Amino acid sequence: MMSLVRHLWLLVLKVMKTPKKGSGLEYTYIDVRDEDRDDITRCGVWLLDGDDDHSRMLQFALTDENIEDVLVILVVDMSQPWNVKASIEKWSQALSSHMDQLKITPQKMKNLKQKLIRQFQMYVEPDNTPDASSKKITVATPNDEEQVLLPLGETTLTSNLGLPIIVVCTKSDAVSSLEKEFDYKIEHFDYIQQFIRKFCLCYGAALFYISVKEEKNCELLKKYLLHRIYDFPFNTPPLVVEKEAIFIPSGWDSLKKISICYENMTNIKPDDPFEDVLSKPPNRKPFQDCREIVAEDEQLFLIRQQNLLSKNISQIKTAESPQRPSKTSGSPSGTPGSTSKVKIDPSKAGGTPNEGVLANFFNSLLSKKTGAGSTQSKAGDKAVRSDAKAELDRMTRGKPVTTQAGSSAGTS
C-alpha cells in the first residue's frame, strides 16, 4: 500500500447543469485514514459545475504537475435520462481537449495510458468467500512478467486519456417515477445501461448507480475510490441485478456481458439513436406571467367592501319581512289599538332558522286559540283571521299597543 503522505486529487465533473446558483469551481476534501498503519491524510476534491462556460476552469484543477495523482468522476442525473448522452459526451470531449493543451511529454503520457491498460487487464473479480475480506486486490506492475495479459476488446480503451474515470449516475431512485410519469419500461432502462457501459468501456471507466435518498452504493463508492487512489483492499464483486444499484468496476465489463441487456429490448434496438429512444419531454411548467401587478388603494378597497356590505344588509332586512301588511287610507270601524294579523308562512320567513321557528310558533298559537285549523279556502282564512283578531284584542285589552292598522279584509 502506498503511503498516505502523498496528496491525491479527485476531479468531480457535474456534467448536468444545476438549477441553483453557486460557484463554478469548488474545493473540499475527504479525510482518509489507514487503520493498519495508523496514518491519516486528506484527499483533495475539486467540484466543477455543469455549465458550459465553466469548462475553462479545468486549468486550475487538472495540471501537468498533478495529472498522475488525479481521478476523474463524471456525474450524471438519472432523473433526466434524455440528457445523459449529450452530457457525458460533451464533458469527455472537454476533458480530452484540456489534456491536449497540457504540456505533458509524450513519454509521460504513454506511461499514463499503459498504466491504465494494465490496470484494466489485471483486474480479477473478488471472491465472495469470507476469507476474501482479509485479502487485497493488487494491480500488476511492469515487472510482473509471469502474468499473462489478455488482449483488449474491440472497443475497449479506444479513448484512453491516461486518467482513471468513474461515471456516477445519481438519483437512481428516480426509476419508479420515470415509469409512472413517462411510461418507461424495462427495455428503456436496459438501453440506458448498455449505452453508458459502452461509453465506460471506451474510456476504461467504472460505473456506479447511486441514490443518496435510498442510501444505495454511497458507501461502496467511497470504498472503491480509496481502492483506486490509495490501493485499499476492495472485495465487492460487480452488481448488475438491481437496476437502481448497479456497480461495474473498471476491467470487468465487455461487449459480451453488455449484450445481456439486449434480451429485454424487444421494441428498441441497441443501435437506435439515443434521441429517438429517449426524447426530451415538453416543458410542463406553466407559463409565468411576469407583468407587474399594481395593488388597489386601501381606502378605495374598504369603501367598496362597505358598499357591498350595506347592500347585503338591506337585502337581508327585506327577506326578514316578505309579507309586511299594507296601510289603508282609513279604518272605519277599527280602533287605534286594533291589529289584523296574517298567518306567517314559515318558508318565506327571513333567512335564519330562528325566524322560521318563531313563525311556526305564532301560527300554532293562532290555530290553537281559534280552533279553526288551517283551511286552504279563502273563506276559511278570513274566518281564522277574524277569530285571531278577536282573541288578540281580548288578550291585550287594557294594554295600549301601537300597531299598524288592520287590513280591509278584517272589516265589513
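Residues numbered from 1 in each chain as written. Predicted model: local features only at pLDDT ≥ 70, side-chain atom pairs only at ≥ 80, totals over all residues. Heavy atoms only, no water.

### Some thoughts on the pattern of salt bridges
The test is simple: By definition, a salt bridge exists where a carboxyl oxygen of Asp or Glu is found within 4 Å of a side-chain nitrogen of Lys or Arg. Helix numbers and strand numbers start at the N terminus; a helix is a DSSP run of H or I with at least 4 residues, a strand a run of E with at least 2. Here's how the labels work: a residue is buried when its accessible area is under 20% of the maximum for its type, exposed when over 50%, partly exposed in between, all with a 1.4 Å probe on protein chains only.
Summed over all chains, the structure comprises 10 salt bridges. When the shortest N-O distance is used, the salt bridge between Lys185 and Asp183 registers 2.9 Å. The partner of Lys216 in a salt bridge is Glu244, and the shortest N-O contact between them spans 2.9 Å. With Lys216 in the loop between strand S6 (206-209) and helix H6 (218-230) and Glu244 in the loop between H6 and strand S7 (247-248), the pair connects residues that are 28 residues apart, well separated along the chain. Here Glu244 falls in the buried class, since its relative accessible area comes to 17%. Overlapping salt bridges bring together Lys85, Glu89 and Glu275 as one network.

### Looking at the nonpolar core
The line we're drawing: Side-chain atoms within 4.5 Å link the members of a nonpolar core, which is a set of buried Ala, Val, Leu, Ile, Met, Phe, Trp, Tyr and Cys residues. By the convention used here, residues are in contact when the closest approach between their heavy atoms is within 4.5 Å.
Among the nonpolar cores identified, the biggest contains 50 residues, and Leu62, Val167, Ile196 and Leu207 are the most heavily contacted of them. With eight residues, the single largest contributor to this core is helix H5 (residues 186-203). Apart from the residues within four sequence positions on either side, Leu207 is in contact with Val167, Cys169, Ile196, Arg197, Cys200, Ile246, Phe247 and Ile248. Core analysis: the second largest hydrophobic core is formed by 22 residues, Leu71, Leu220, Leu221 and Tyr230 among them.

### Section: helix H2 (residues 84-101)
For clarity, the threshold we go by: Each helix should span, by expectation, one fewer than its residue count multiplied by 1.5 Å.
Over its 18 residues, H2 runs 26 Å from end to end, which matches the ideal 26 Å to within 8%, given 1.5 Å per residue. Taken together, the buried positions of H2 are Val84, Lys85, Ser87, Ile88, Trp91, Ser92, Leu95, His98 and Met99.

### Considerations on the pairing of S6
Rule in force here: Two strands qualify as a pair provided that DSSP identifies no fewer than 2 bridges between them.
What you see with S6 is no split at all: Ala206 and Phe208 on one side and Leu207 and Tyr209 on the other are buried throughout. Alignment of strand S5 (residues 165-170) against S6, held across four bridges, turns out to be parallel. Along S6, the bridge assignment pairs Cys169 with Tyr209. Pairing between S6 and S7: two bridges, direction antiparallel. By the bridge assignment for S7, Phe208 is matched with Phe247.

### Some remarks on the side chain of Asn217
For clarity, the threshold we go by: Here a polar contact is taken to be a pair of N or O atoms separated by no more than 3.5 Å, where protein atoms must pair a possible hydrogen donor with a possible acceptor and residues adjacent in sequence count only if both atoms sit in side chains.
When you line up the elements, Asn217 lands in the loop between S6 and H6. According to the relative accessible area criterion, Asn217 is buried, its value standing at 12%. Within the structure, the side chain of Asn217 is placed 3.4 Å from the backbone oxygen of Ala245, a separation counted as a polar contact.

### Description of the confidence of the model for the protein
Going by this rule: A residue's pLDDT is the confidence the predictor assigns to it, expressed on a 0 to 100 scale.
With 66% of its residues at a pLDDT of 70 or more, the protein has an overall mean of 77. Here residues 326-342 is a poorly scored stretch, pLDDT under 50, and it has 20 contacts once near neighbours within four places are set aside; other chains count. Every residue in residues 371-377 scores below 50 in pLDDT, and together they form seven contacts with partners more than four places removed in sequence or on other chains.

### As for the packing of H2 against H5
The relative placement of two packed helices is expressed as an angle between their axes plus a distance between the axes. Our working rule: Between N-to-C directions, angles span 0 to 180 degrees; the directions come from axes that are lines fitted to C-alpha atoms, helices contributing only their stretch in contact. An angle below 35 degrees is treated as roughly parallel, one above 145 as roughly antiparallel, one from 65 to 115 as roughly perpendicular, and anything else as oblique. When the near helix sits turned anticlockwise from the far one by under a right angle, the crossing is termed left-handed; a clockwise turn instead gives a right-handed crossing. Asp, Glu, Lys and Arg are counted as charged, while Ala, Val, Leu, Ile, Met, Phe, Trp, Tyr, Cys and Pro are counted as nonpolar; the rest, among them Gly, fall into the polar class.
For the pair H2 and H5, the least separation of the axes is 11 Å and the interaxial angle reads 10 degrees. Regarding the angle of H2 to H5, the classification is roughly parallel. At the point where H2 passes H5, the crossing takes the right-handed sense. Side by side, H2 and H5 meet where Val84, Lys85, Ile88, Glu89 and Ser92 of the first sit next to Phe195, Ile196, Phe199 and Tyr203 of the second. Residue composition of the contact of H2 with H5, grouped by class: six nonpolar, one polar and two charged.

### Let's talk about the environment of Pro81
Position of Pro81 among the secondary structure elements: in the loop between strand S4 (70-77) and H2. A C-alpha to C-alpha distance of 9.6 Å links Pro81 and Cys169, two positions 88 residues apart in sequence. In this view, Pro81 contacts Leu178, Tyr184, Ile192, Phe274 and Leu278; residues no more than four positions away in its chain are not counted.

### Points about the packing of aromatic side chains
For any pair of aromatic rings, the description consists of the separation of the ring centres together with the inter-plane angle of the planes. Note the cut-off: A pair of aromatic rings is counted whenever rings of Phe, Tyr or Trp (Trp by its six-membered ring) have centres within 6.5 Å, and the orientation is called stacked for planes under 30 degrees apart, edge-to-face for over 60 and tilted otherwise.
Counted under the stated rule, the structure contains 13 aromatic pairs. Considering the side-chain rings of Tyr191 and Phe274, the 5.9 Å spacing of their centres and the 35 degrees angle between planes classify their relative orientation as tilted. Separated by 83 residues along the polypeptide, Tyr191 in helix H5 and Phe274 in helix H8 (residues 274-277) bring together distant segments of the chain. These aromatic residues form a ring-pair network of at least three members: Trp82, Phe182, Tyr184 and Phe189.

### Quick word on unusual backbone geometry
Here the phi dihedral of Asp183 falls at roughly 60 degrees; this positive angle occurs in a residue that is not glycine. Mapped onto the elements of the fold, Asp183 is located in the loop between helix H4 (175-181) and H5. You can call Asp183 partly exposed: its relative accessible area is 49%.

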